[in-house]
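# Observations on chain architecture
Given next are the chains, with one letter for each unit.
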Amino acid sequence: MKIIIETVPHRKQRYATAGDWVIGPDGNISIQISELGDWRFEAAVAAHELVEVLLCRNDDVTQERVDHFDIGFRGDGEPGDAHDAPYARQHCFATAVERILIAAFGLSWAEYERVVEAL
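Small disclaimer: the values here were computed from a predicted structure and weren't measured. (Residues numbered from 1 in each chain as written. Predicted model: local features only at pLDDT ≥ 70, side-chain atom pairs only at ≥ 80, totals over all residues. Heavy atoms only, no water.)

As a further point, take a negative patch on the surface. A cluster of like negative charges, contributed by E78, D81, E113 and E117, occupies part of the molecular surface. Looking at where E78 falls in the secondary structure, it is placed in the loop between α2 (63-72) and α3 (88-104). The partly exposed category is assigned to E78, whose relative accessible area is 42%. (Patch = residues over 30% accessible without salt bridge, like charges linked within 9 Å, V, L, I, M, F, W, Y side chains within 5 Å. Areas by Shrake-Rupley, 256 points an atom, 1.4 Å probe, with all protein chains shown as cover. Salt bridge = Lys/Arg side-chain N within 4 Å of Asp/Glu carboxyl O. Lys, Arg positive; Asp, Glu negative; His and termini not counted. Charge placed at Lys NZ, Arg CZ, Asp CG, Glu CD. Helix = DSSP H or I, 4+ residues; strand = E, 2+ residues; numbered from the N terminus. Buried < 20%, exposed > 50% of the residue type's maximum accessible area, 1.4 Å probe, protein only.)

Moving on, we get to the pairing of strand β2 (residues 19-23). Regular strands have side chains that alternate between both faces of the sheet. Pairing analysis gives 5 bridges linking β2 to strand β3 (residues 29-34), with the strands arranged antiparallel. Each bridged residue has a counterpart across the sheet, and for I23 the counterpart in β3 is I29. Counting the residues that bridge the hairpin from β2 to β3 gives 5 residues, and of these G27 lies at a positive phi of roughly 85°. (Pairing = 2+ DSSP bridges.)

Here we have 3 strands laid out as an open sheet, ordered β1-β3-β2, and mixed in their pairing. Looking at the sheet topology across the chains shown, the edges are occupied by β1 (3-8) and β2. Neighbour-to-neighbour, the strand axes of this sheet turn through a mean angle of 15°, independent of strand direction. The sheet strands contacting helix α1 (residues 39-58) are β1, β2 and β3, and the helix crosses β3 at an angle near 150°. (Axes fitted to C-alpha atoms, helices over the stretch in contact; angles between N-to-C directions. Contact = heavy atoms within 4.5 Å.)

Attention shifts here to the packing of α1 against helix α4 (residues 109-117). Direction vectors running N to C along α1 and α4 enclose 80°, while the axes themselves pass 11 Å from each other. Between α1 and α4, the angle is such that the two are roughly perpendicular. Between α1, through F41, A44 and V45, and α4, the contact on the second element is made entirely by E111, Y112, V115 and V116. Partitioned by chemical class, the residues of the contact of α1 with α4 number 6 nonpolar, no polar and 1 charged. (Parallel < 35°, antiparallel > 145°, perpendicular 65-115°, else oblique. Nonpolar A, V, L, I, M, F, W, Y, C, P; charged D, E, K, R; others polar.)

Moving on, we get to a nonpolar patch on the surface. A cluster of nonpolar residues, M1, I3, I5 and L54, forms a patch on the protein surface that exposes about 370 Å² of accessible area. Its relative accessible area of 66% is what places M1 among the exposed residues.

On inspection of all chains with the given rule, the structure shows 0 disulfides. Not part of a disulfide, C92 finds its nearest cysteine sulfur in C56, a span of 13 Å. (Disulfide = S-S within 2.5 Å.)

This part is about unusual backbone geometry. In this structure, D60 takes a positive phi of about 60° despite not being glycine. Counting through the fold element by element, D60 comes out in the loop between α1 and α2. Owing to a relative accessible area of 65%, D60 belongs among the exposed residues under this scheme.

What follows is the structure in structure tokens.
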């Protein structure tokens, strides 16, 4: 398995998101992170996406189910936080890792959220 993580201009995301993952037909994983102006913020999003995709893969939550839910989501906040998200559990673990990384970097979660939400 190959995992590729790269930053991209936000406009190049498949939909309005700071991070996106795709599992190719060969099982390789591609993760795209929106440019956030601070490599540590981008690394936190990347860590979230990596944990989320690995847990989804482990738990047989398909990319198609996640994409369908995310692209059609019309609620407030992040789609993965919604109680009916097919990957709510996996997203919750990924957010925990993301929060730990931001804290370990000595950064403010509130500032991080502000930057991500401004995309």
